[in-house]
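Chain by chain, the residues:
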Amino acid sequence: MAAQKSDKSKAQSNKGGIMGMLSKVFGVGAITLGALFFAAMFDVGNAGLIHTLAGSAIVLVPLFALFAIAAMFMSPKSGADLDEMAAQVTALTESKSKMTSQILTLQNQMDAMSGQDVEALKAKNQELQEQLDAIHQAEREKIDGEFDTLRQRNEELEAQIKQWALETVSKSVAGEKPAAAKAA
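Residues numbered from 1 in each chain as written. Predicted model: local features only at pLDDT ≥ 70, side-chain atom pairs only at ≥ 80, totals over all residues. Heavy atoms only, no water.

1. A short note on helix H3 (residues 57-73)
Compared with an ideal rise of 1.5 Å per residue, which puts 17 residues at 24 Å, H3 spans 24 Å between its outermost C-alpha atoms and is within 8% of the ideal. Those residues of H3 that fall on the buried side of the exposure criterion are Leu 60, Phe 67, Ala 70 and Ala 71. End-on, the buried residues of H3 take up no more than an arc of 95°, which puts them together on one face. In H3, the exposed residues that point more than 90 degrees away from the buried face are Ile 58, Leu 66, Met 72 and Phe 73. (Helix = DSSP H or I, 4+ residues; strand = E, 2+ residues; numbered from the N terminus. Expected span 1.5 Å × (residues − 1). Buried < 20%, exposed > 50% of the residue type's maximum accessible area, 1.4 Å probe, protein only. Arc of directions from axis to C-beta.)

2. Regarding the pattern of salt bridges
What the rule picks out here adds up to two salt bridges. Arg 153 is paired through a salt bridge with Glu 156; the nearest N and O atoms lie 3.5 Å apart. Of the two residues, Arg 153 and Glu 156 both sit in helix H4 (residues 78-174), three residues apart, roughly one turn of that helix. The class for Glu 156 is partly exposed, based on a relative accessible area of 40%. (Salt bridge = Lys/Arg side-chain N within 4 Å of Asp/Glu carboxyl O.)

3. Quick word on a nonpolar patch on the surface
Residues Phe 38, Met 41, Phe 42 and Val 44 make up a contiguous nonpolar surface patch of roughly 450 Å² in combined accessible area. Take Met 41: it is sitting in helix H1 (residues 2-41). (Patch = residues over 30% accessible without salt bridge, like charges linked within 9 Å, V, L, I, M, F, W, Y side chains within 5 Å. Areas by Shrake-Rupley, 256 points an atom, 1.4 Å probe, with all protein chains shown as cover.)

4. Considering the nonpolar core
Ala 30, Leu 33, Ala 40, Leu 53, Leu 60 and Phe 67 form the largest nonpolar core, which has six residues in total. Listing elements by their share of this core, those giving two or more residues are H1 and H3. (Core = buried A, V, L, I, M, F, W, Y, C linked by side-chain atoms within 4.5 Å.)

5. Some words on the confidence of the model for the chain
Scored by pLDDT, the chain comes out at a mean of 81, with 84% of its residues at no less than 70. Per-element confidence in the chain is highest for H4, whose mean pLDDT is 87, and lowest for H1, whose mean pLDDT is 72. (pLDDT = per-residue confidence, 0-100.)

6. Some details on the packing of aromatic side chains
Evaluation of the coordinates by the stated rule reveals two aromatic pairs. Each ring, one from Phe 37 and one from Phe 64, has its centre 6.0 Å from the other, and the planes form 75°; the classification is edge-to-face. Note that Phe 37 is positioned in helix H1 and Phe 64 in helix H3, a separation of 27 residues in sequence. Take Phe 37: its relative accessible area is 23%, and that puts it in the partly exposed class. (Phe/Tyr/Trp six-rings, centres within 6.5 Å; stacked < 30°, edge-to-face > 60°.)

7. Let's talk about the environment of His 51
In this structure, His 51 sits in helix H2 (residues 49-53). A C-alpha to C-alpha distance of 10.0 Å links His 51 and Met 41, two positions ten residues apart in sequence.

Right, dumping it as structure tokens:
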């Protein structure tokens, strides 16, 4: 795999390497001559470049044109760039698929590890829920027992009150003095 990559990179660098380098050198030469002509034309810094370059202008102007044209025509062909970009896209696609498979493997491992914990937590949760339900049921039974006891006591008190009221009314009617009520 590494050998394939190094062969590809060597082939790609050879396609546009020398021509690209020459194109850049000619471009820099053309830009430098253009800047020199500009400085001479406006006599930048009072350097007297116009008089200095006047004699050699017959060589420098065609050299400028040659450098500019050579820079345009010697630039690497777009096919080399397209091949390089296609190789990069292929490499990125391969690395993306590898990363995706690694992520899925890691996710499956995490699910497997956490699956045991989840089952243990579910069992513990079920046990706690059963204990809570038992406590609630015991509380309901206790409250129902107290409620029944209070209801029975209430019925006894009502019966005592009715009995006392009847005795009091009957003694009152008979002319006897009624007895004082007993506290329950």
